[in-house]
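Below, each chain spelled out in residue letters.
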Amino acid sequence: MIDRFGRRASSVLVGIATGVVILAVAIIAFINPVWVSFEQGRARADAWTGYSPAQLQQATGAILSDLVVGPPNFDVVVAGQPVLNARERAHMIDVRRVFVGLALLAAASLVVLLVGNILACGSARFWRAVRGGAVVLAVGVLAVGVIGAFAFDATFEVFHRLFFAGGTYTFDARTDRLVQLFPDQFWFETSLALGALMLLLCVLVWRVATDRAAAGVARRHAGSAVLEPSR
């Protein structure tokens, strides 16, 4: 009974770790100047901010650098004026904390997967747990995607309430640079692309895990066949 519970708990842990790693990899793919610049162009961030292309690149590059590399000052200045006000800087510091937390969780999850694979010797049970994590995440992404397609603003609001204090993430697009640099269209299209990439990664992980699980079963059967004559 205890042994069975331990196996189930370890499988759940491996599944969760798989989902976290897939999520982290997908997010990393979009935190880069190429994607951000592309989406800012589509969302007309230059028109919202009134910045020239060079000024827009300067402001965005500094914000991304503070977010990913640090230190999280978010005090970039363009044309002698701070890009972000105090409330915007405070929110970005909160965002940075969330990113650091996700990075630590992803690193721990990767360790779980590596150690779990070693301890399980690549067994079918381990890879079935990995496959299960990818399937559950894919179902979750599809569910959130369907809801978000019809109620994106409400979904965006719920997401922010999960990670940030109320009132700290609401800004005025007429005056606040943060939402001018990253307009609603930016987030809507980035969310769609993120969801699509996560689904693709889930499919790839599912395919690999299915093959590895089948190989594990085959090895176990082959080992049993070798031992059978000696009985």
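This text follows the structure it describes.
These numbers were taken from a predicted model, which means no experiment stands behind them. (Residues numbered from 1 in each chain as written. Predicted model: local features only at pLDDT ≥ 70, side-chain atom pairs only at ≥ 80, totals over all residues. Heavy atoms only, no water.)

This part is about the packing of helix α4 (residues 53-68) against helix α5 (residues 86-120). The geometry of α4 relative to α5 is characterised by a closest axis approach of 9 Å and an angle of 45° between their N-to-C directions. In terms of orientation, α4 and α5 fall into the oblique class. Contacts from Ile63, Asp66, Leu67 and Val68 in α4 reach Met92, Val95, Arg96 and Phe99 in α5. Split into classes, the residues belonging to the contact of α4 with α5 amount to 6 nonpolar, no polar and 2 charged. (Axes fitted to C-alpha atoms, helices over the stretch in contact; angles between N-to-C directions. Helix = DSSP H or I, 4+ residues; strand = E, 2+ residues; numbered from the N terminus. Parallel < 35°, antiparallel > 145°, perpendicular 65-115°, else oblique. Contact = heavy atoms within 4.5 Å. Nonpolar A, V, L, I, M, F, W, Y, C, P; charged D, E, K, R; others polar.)

In this section: α4. Between its terminal C-alpha atoms α4 stretches 22 Å, which fits the 22 Å expected from 16 residues at 1.5 Å a residue. Residues Leu56, Ala59, Thr60, Ile63, Leu64, Asp66 and Leu67 constitute the buried set of α4. All buried residues of α4 lie within an arc of 165° about the axis, which places them on one face of the element. Facing away from the buried side of α4 by more than 90 degrees, the exposed set consists of Ala54 and Gln57. As for α4, its buried residues are in contact with α2 (33-42), α3 (45-49), β1 (77-78), α5 and α8 (177-181). Phi turns positive one or two residues past the end of α4, at glycine 70, with a value near 85°. (Expected span 1.5 Å × (residues − 1). Buried < 20%, exposed > 50% of the residue type's maximum accessible area, 1.4 Å probe, protein only. Arc of directions from axis to C-beta.)

Turning to the nonpolar core, a few remarks are in order. Residues Tyr51, Ile63, Val83, Leu84, Met92 and Leu181 are the most contacted members of the largest nonpolar core, which totals 23 residues. Secondary-structure elements contributing two or more residues to this core are α4, α5 and α8. If you tally residues by element for this core, the top one is α4, at 5 residues. Leu113, Ala120, Ala124 and Ala209 belong to the second-largest nonpolar core, a separate cluster that totals 12 residues. (Core = buried A, V, L, I, M, F, W, Y, C linked by side-chain atoms within 4.5 Å.)

Now for the pattern of salt bridges. One pass over the structure, following the stated rule, counts 7 salt bridges. Aspartate 172 is paired through a salt bridge with arginine 174; the nearest N and O atoms lie 2.7 Å apart. Residue aspartate 172 is classed as partly exposed on the basis of its relative accessible area, which comes to 26%. Its relative accessible area of 71% is what places arginine 174 among the exposed residues. Where salt bridges share partners, they join Glu39, Arg42 and Glu189 into one cluster. (Salt bridge = Lys/Arg side-chain N within 4 Å of Asp/Glu carboxyl O.)

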